[in-house]
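Each chain is listed here by its residues.
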Amino acid sequence: MATNHEVILSGVRPTGRLHFGNYFGAIKHFIDLQKQGYRCYYFIADYHALTTISEREDFFRHTLDMLRTYVACGLDPRKSIIYRQSDLPCTAELTLLFGMITNIGFLERGTTYKDKMSKLTSPEGQPEGNPLSYGLLGYPVLMAADILIVKADKVPVGDDQRQHVEMAIDIAERFNHRFGEVLKSPAPVARDAIRVRGLDGSDKMGKSENNTLDLLDDEKTVLKKIKGVPTTTDPLPLETESDDPEAILPEMPPSVAALYHLLYLLAPWEVYTDFVGKYRRKERFYGQLKTTLAEYVTAFNKPIIEGFHAPDNTDEFVMDFLRDNAAKVTPVALDTVESCREAMGIGHSLYRA
Ligand code: ADP
Ligand code: TRP
């Protein structure tokens, strides 16, 4: 395998089953980068998942299932360092250190925080006090610690996480400006990062939005979910002559655009453009579009479902590699925390001989 010295890091929260947004926004790139021989760190962001907890959830079960799905998709814990965020508790110390130099106004401009805040705003004004947690406001600080602790060069994430990576870069720059060139900033997320729409037509397919098509969905579930996508609106006339999804999808009703985007991602170009032609001619075709898309989704999921149930892809296998990989990432992480402690003038070589 080719080796590439650049460091890749990314995380996914263990809040449920992996969906097509996670796959095309993140996991597909994880696999490509692993194949290209980069030093890859992929972790399960269980600390981050605690910001959306409603009652006690079985994060551990989700973690095991997600990791078995990773393996089924082609991620290999012998090639990539796959670990659990909470197995690297020094991330929490780095978060604390960064928290001391990060102002609240900067964090209040974070889109996740702003969205949650605006949902709380009633027509009569904001509720008294602020019910959102310190952890939610500080979400980007923890994410900066995840990224900077392994000295990442690139952070493959979907478009929804672009701002968080930019905030990590800002935090690194602020730290280096005050305490010397200690931290390595990653590259910003590419402008063309993908965003998969939800099956309800909303802007983002997401576990918390309950609008997902999952990698472990079987044929029946896939068909049921896709048939349920609202397509009652007649096709709207398209201004653009291009078949490029970027040009065409914004002109379609959102839930129809979600179906076309998935078809574009999964089917050969000719199949996708054939359906674009039907849309332009306003044929009666939504039923056919849905069954065709369901077939592509089912064919995509089949090997993943088989890999998930493969005899060697067990909970024990996952627990073993989690332990081994946490041991591999710990020295790298402690080295960064130690450098930050030194630069800030606290502690005395606690983690280094
Ligand atoms: P979710 O939003 O479903 O809870 P996460 O927040 O854990 O998933 O996201 C894990 C990774 O998947 C991130 O890199 C994120 O950018 C990517 N991702 C999640 N949803 C989408 C989507 N709809 N389109 C593109 N990428 C996505
Ligand atoms: N916040 C990311 C998400 O919701 C998950 C995540 C946590 C992450 N830490 C990270 C992604 C560091 C990339 C790098 O999807």
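Going by the structure above, here's the rest.
Here the structure is a predicted model, which means the values were calculated and not measured.

*Asks:* When you look at the layout of surface pockets in this model, what are you seeing that I'm missing?
*Replies:* Any empty space left between atoms is shown by rolling a water-sized probe over those atoms. Size it by volume and the largest pocket reaches roughly 1100 Å³. Together, 46 residues line the largest pocket, and Arg13, Tyr139, Asp160, Gln161 and Lys204 are the ones closest to its centre. Every element with two or more residues in the lining of the largest pocket is listed here: strand 1 (4-12), helix 1 (20-35), helix 6 (111-120), helix 8 (139-149) and helix 9 (162-179). A per-element tally of the lining of the largest pocket places helix 6 first, with six residues.

*Asks:* I keep staring at the packing of aromatic side chains and nothing clicks. Help me out?
*Replies:* In this description, a pair of aromatic rings is defined by centroid distance and the angle of the planes. This model, assessed by the stated rule, comprises 19 aromatic pairs. Summarising the aromatic geometry, the rings of Tyr260 and Tyr272 are spaced 6.5 Å apart at their centres and angled 75° between planes, so their arrangement reads as edge-to-face. Note that Tyr260 is positioned in helix 12 (residues 254-266) and Tyr272 in helix 13 (residues 269-280), a separation of twelve residues in sequence. Tyr272 matches Tyr260 in its accessibility class, with the two residues each being buried. Judged by centre distance (5.3 Å) and plane angle (65°), the ring pair of Tyr264 and Tyr272 falls under edge-to-face. Judged by its relative accessible area of 33%, Tyr264 falls in the partly exposed class. An aromatic cluster of three or more residues is present, and its members are Tyr260, Tyr264, Trp269, Tyr272, Tyr279, Phe285 and Tyr286.

*Asks:* Is there a simple way to explain empty space enclosed by the protein in this structure?
*Replies:* Going through the model one piece at a time under the given rule, you end up with two cavities of 30 Å³ or more. Volume-wise, the largest cavity comes out at about 40 Å³. Lining the largest cavity are Leu107, Gly110, Thr112, Tyr113, Leu136, Leu137, Tyr139, Pro140 and His164. Contributions of two or more residues to the lining of the largest cavity are made by helix 6, helix 7 (134-137) and helix 8. Of the residues in the lining of the largest cavity, the class split is six nonpolar, three polar and no charged. Class assignment of the residues belonging to the lining of the second largest cavity gives a composition of four nonpolar, two polar and one charged.

*Asks:* Could you clarify how one ought to interpret the environment of Lys116 in this entry?
*Replies:* Tracing the backbone shows Lys116 in helix 6. Along the backbone, Lys116 and Gly277 are 161 residues apart, and their C-alpha atoms lie at a distance of 40 Å. Ignoring sequence-local partners within four residues, the contact set of Lys116 consists of Thr52, Leu132 and Leu136.

*Asks:* Looking at this structure, how should I read the sheet that holds strand 1?
*Replies:* Strand pairing in a sheet takes place through backbone hydrogen bonds and is either antiparallel or parallel in direction. Pairing within the open sheet is parallel, and its three strands lie in the order 1-2-3. Lying at the two open borders of the sheet, with one neighbouring strand each, are strand 1 and strand 3 (81-84). Shown here is a sheet whose adjacent strand axes are inclined to one another by a mean of 15°, direction ignored. Bridge analysis of strand 2 (residues 38-44) against strand 3 gives four bridges, and the strand direction is parallel. Each bridged residue has a counterpart across the sheet, and for Ile44 the counterpart in strand 3 is Arg84.

*Asks:* Quick question: what am I supposed to make of the site of ligand 1 here?
*Replies:* Contacts to ligand 1 come from 19 residues, most closely from Arg13, His19, Gly158, Asp160 and Lys204. Between ligand 1 and the protein, one listed contact pairs an oxygen atom with a side-chain N or O atom of Arg13 at 2.7 Å. Take His19: an N or O atom from its side chain is 2.6 Å from an oxygen atom of ligand 1. With four residues, helix 1 is the largest single contributor of residues to the shell around ligand 1. A per-class count over the shell around ligand 1 returns six nonpolar, eight polar and five charged.

*Asks:* Just checking my understanding: could you explain the pairing of strand 2 for this structure?
*Replies:* The side chains of a regular strand alternate between both faces of the sheet. Among the seven residues of strand 2, six are classified as buried, and the element is accordingly described as predominantly covered. The pairing of strand 1 with strand 2 spans seven bridges and is classified as parallel. Within the sheet, the bridge partner assigned to Ile8 lies in strand 2 and is Cys40. Since strand 1 and strand 2 lie parallel, the crossover through helix 1 that links them has a hand, and here it is right-handed.

*Asks:* Looking at this model, I keep getting lost on the site of ligand 2. Mind explaining?
*Replies:* Neighbouring residues of ligand 2: 14 residues in total, closest His48, Tyr139, Met143, Asp146 and Gln161. At 2.7 Å, a side-chain N or O of Tyr139 approaches a nitrogen atom of ligand 2. In the environment of ligand 2, a nitrogen atom lies 3.2 Å from a nitrogen or oxygen atom belonging to the side chain of Gln161. Protein contact buries 92% of the 360 Å² of open area that ligand 2 shows by itself. When each cavity is represented as a set of grid points, ligand 2 is found to reside in the largest pocket. Here the shell around ligand 2 takes four residues from helix 8, the largest share from any one element.

*Asks:* Teacher, can you tell me more about the nonpolar core here?
*Replies:* Soluble globular proteins: nonpolar side chains tend toward being buried together. Of all hydrophobic cores here, the largest spans 60 residues; its most connected members are Phe20, Ile27, Tyr70, Met252 and Tyr260. With sequence-adjacent residues up to four places away left out, Ile27 is seen in contact with Leu18, Asn22, Tyr70, Cys73 and Leu75.

*Asks:* Honestly, the packing of helix 10 (residues 219-227) against helix 14 (residues 286-308) in this entry has me stumped. Any pointers?
*Replies:* Two elements in contact, helix 10 and helix 14, have axes whose closest approach is 9 Å; the angle formed by their N-to-C orientations is 145°. Crossing hand, helix 10 versus helix 14: right-handed. Of helix 14, the residues touching helix 10 (which contributes Glu219, Val222, Leu223, Ile226 and Lys227) are Lys290, Thr291, Leu293, Ala294, Val297, Thr298 and Asn301. Each residue belonging to the contact of helix 10 with helix 14 can be placed in one class, and the counts come to six nonpolar, three polar and three charged.

Conventions we followed
- All residue numbers refer to position in the chain's written sequence, counted from 1.
- Lettering of chains starts at A and numbering of ligands starts at 1, both following the order in which they are written.
- Side-chain atom pairs in this predicted model are given and counted only at pLDDT of 80 or more, local residue features only at pLDDT of at least 70, and totals for whole chains, interfaces and linings cover all residues.
- Hydrogen atoms and water are omitted, and side-chain values are computed over all heavy atoms in the structure.
- The rule is simple: put a 1 Å grid over the protein atoms alone, call a set of points where a 1.4 Å probe fits but cannot get out a cavity, call an open set with protein on both sides within 12 Å along at least five of seven lines a pocket, and count a residue as lining if it has an atom within 4 Å of a point.
- Grid points are joined across faces, edges and corners, and a volume is the space filled by probe spheres set on the points.
- Put simply, DSSP H or I for four residues or longer makes a helix, DSSP E for two residues or longer makes a strand, and each gets a number counted from the N terminus.
- Each Phe, Tyr or Trp ring (for Trp, its six-membered ring) is paired with any other whose centre lies within 6.5 Å, and the angle between the two planes then decides the class: stacked below 30 degrees, edge-to-face above 60, tilted in between.
- Accessible area is worked out with a 1.4 Å probe on protein chains only. A residue is then buried under 20% of its type maximum, exposed over 50%, and partly exposed in between.
- Amino acids outside the nonpolar list (Ala, Val, Leu, Ile, Met, Phe, Trp, Tyr, Cys, Pro) and the charged list (Asp, Glu, Lys, Arg) are all regarded as polar, and Gly is one of them.
- Residues are treated as being in contact if the distance between any of their heavy atoms lies within 4.5 Å.
- When DSSP locates at least two bridges between a pair of strands, those strands are taken to pair.
- Lines fitted to the C-alpha atoms define the axes, with helices restricted to the stretch that makes contact. Angles between their N-to-C directions range from 0 to 180 degrees.
- When we say a residue is near a molecule or strand, we mean one of its heavy atoms is within 4 Å of it.
- What qualifies as a polar contact is a pair of N or O atoms within 3.5 Å, subject to a donor-acceptor requirement within protein and to the restriction that residues adjacent in sequence count only when both atoms come from side chains.
- Viewed with both strands pointing away, a crossover whose connecting path from the first strand over the helix to the second turns clockwise is right-handed.
- Shrake-Rupley sampling with a 1.4 Å probe provides the accessible areas, and residues are treated as covered by the protein chains on show and by no other component.
- To be counted as sitting in a cavity or pocket, a molecule needs more than half of its atoms within 2 Å of that site's grid points.
- We define a nonpolar core as any set of buried Ala, Val, Leu, Ile, Met, Phe, Trp, Tyr and Cys residues linked to one another through side-chain atoms lying within 4.5 Å.
- Crossing chirality is assigned from the near helix's rotation relative to the far helix, an anticlockwise turn below a right angle marking it left-handed and a clockwise turn marking it right-handed.

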